[in-house]
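A structural walkthrough
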Number of protein chains: 2
Amino acid sequence: MEFDVTESLGRQLIGELYECDPLVLNDVAAVEQAMVEAAVAANATVINSTFHHFSPYGVSGVVVIQESHLAVHTWPEYGFASVDFFTCGDSVDPMVSLKHLTQSFKSNDMFVSEFHRGQRELLVKPDFEVKFPPM
Amino acid sequence: MEFDVTESLGRQLIGELYECDPLVLNDVAAVEQAMVEAAVAANATVINSTFHHFSPYGVSGVVVIQESHLAVHTWPEYGFASVDFFTCGDSVDPMVSLKHLTQSFKSNDMFVSEFHRGQRELLVKPDFEVKFPPM
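A brief report on the enclosed structure follows. (Residues numbered from 1 in each chain as written. Chains lettered and ligands numbered in written order. Predicted model: local features only at pLDDT ≥ 70, side-chain atom pairs only at ≥ 80, totals over all residues. Heavy atoms only, no water.)

As for the sheet that holds strand β5 (residues 80-88) of chain A
As a general point, the strands of a sheet are linked pairwise by backbone hydrogen bonds and lie either parallel or antiparallel. Residue and element names in this part refer to chain A. Read across the sheet, six strands follow the order β2-β3-β4-β5-β1-β6 without closing on themselves; strand pairing throughout is antiparallel. At either margin of the open sheet sits one strand with a lone partner, and together these are β2 (46-53) and β6 (109-119). Across the sheet, the axes of successive neighbouring strands diverge by a mean angle of 10 degrees, strand direction being ignored. Relative to β5, strand β1 (residues 8-18) runs antiparallel, the two sharing eight bridges. Bridge pairing in β5 links Q12 to F86. Across the sheet, helix α3 (residues 94-104) is in contact with β1, β4 (68-75), β5 and β6; its angle to β1 comes to roughly 15 degrees. (Pairing = 2+ DSSP bridges. Helix = DSSP H or I, 4+ residues; strand = E, 2+ residues; numbered from the N terminus. Axes fitted to C-alpha atoms, helices over the stretch in contact; angles between N-to-C directions. Contact = heavy atoms within 4.5 Å.)

Put into structure tokens, the structure is as follows:
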């Protein structure tokens, strides 16, 4: 699947990962490691990440990357994980991240949708002067 | 717009905010404050947030909430902001967050799409035993 960076500012993959390994989905360290590895595999530059385990089960987390972000929410009790990979530019391929994560979570049933964010034909350049240092 | 929590585990609003105030979009403190306020306005419980200003301009940030997450990426040079509000349960209304943010960013042109995440008809309950403390 080719992505045309001239068409929009950002690219977002929404992945619905069914029939995953519930033990992996409930292990906050494993989920964070899988997400960071997924970012790196796609050639993204990781800025930071924040992950939380919820009681009694489930993990939420975000990896902030130079090229936007990756987010995950897991429901171990349903073997389900919902992931978003939002990237900018053409140096990062979020599909690589999604494939990596599908393997890490051992998903047997996955759906993916792709969206263009910031349609260039709708963008209007405002009268905007860059100030240093940034406000 | 009514959301049926019996249909899916999560609800996601994707907002494309065009013709925003570029000075607000380039002010990392203002963007973070607007996002946290948007979360609180929707009755969400904020866990933490992480925001970054990019050189020469633009802000990326995520607010992790008990009910999932809010994410934003801004392009001040185009007066454009891309936002995602992902929520679980029926105690939080992401549409309230989106309206709040639209006002904070002074957007004059906004598109919103809504997605159900984790379709209940596709979920399979695995053989999963909860362990304490969580792994």
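Quick notes on the pattern of salt bridges
By the definition in use, this model includes ten salt bridges over all chains. Between E16(A) and R117(B) there is a salt bridge; the shortest N-O distance is 2.6 Å. Here R117(B) lies in strand β6 (residues 109-119) and E16(A) lies in strand β1, a pairing that spans two chains. Accessibility classification places E16(A) together with R117(B) in one group, the buried group. Each of the salt bridges in this network shares a partner with another, and the network as a whole consists of R11(A), D93(A) and E114(A). (Salt bridge = Lys/Arg side-chain N within 4 Å of Asp/Glu carboxyl O. Buried < 20%, exposed > 50% of the residue type's maximum accessible area, 1.4 Å probe, protein only.)

As for the packing of aromatic side chains
Two measures describe an aromatic ring pair: the distance that separates the ring centres and the angle between the ring planes. Residue and element names in this part refer to chain A. Counting across every chain of the model gives seven aromatic pairs over all chains. A ring pair is formed by Y18 and F80, whose centres lie 4.8 Å apart and whose planes are at 45 degrees; its orientation type is tilted. Linking Y18 in strand β1 with F80 in strand β5, this pair joins segments that are 62 residues apart in sequence. Each member of the pair, Y18 as well as F80, carries the same accessibility label: buried. Summarising the aromatic geometry, the rings of W75 and F80 are spaced 5.6 Å apart at their centres and angled 40 degrees between planes, so their arrangement reads as tilted. For F80, a relative accessible area of 0% gives the class buried. The rings of Y18, W75, F80 and F111 are connected pair by pair, giving a single aromatic cluster. (Phe/Tyr/Trp six-rings, centres within 6.5 Å; stacked < 30°, edge-to-face > 60°.)

Section: the interface of chain B and chain A
Chain B puts 56 residues into the contact, and the matching count from chain A is 56 residues. Carbon and sulfur atoms supply 68% of the area buried between chain B and chain A, which totals about 4,900 Å² over both sides. If you look at where chain B meets chain A, you find four salt bridges. Its salt-bridge partner being D84(B), residue R117(A) comes within 2.9 Å of it at the nearest N-O pair. Per-class residue counts for the side of chain B that touches chain A are 32 nonpolar, 16 polar and eight charged. (Buried area = accessible area lost by both parts, 1.4 Å probe. Nonpolar A, V, L, I, M, F, W, Y, C, P; charged D, E, K, R; others polar.)

Notes on the relation of the copies chain B and chain A
With an RMSD of 0.0 Å, the fit of chain B onto chain A corresponds to turning through 180 degrees and sliding 0.0 Å along the axis. What the superposition gives is, in effect, a two-fold axis relating one chain to the other. If distances are taken from each C-alpha of chain B to the rotation axis, the shortest is found for V62(B), at 3.8 Å. Mapped onto chain A, 100% of the interface residues of chain B are again interface residues, and the two copies thus contact each other with one and the same surface. (Least-squares fit on C-alpha atoms with pLDDT ≥ 70 in both.)

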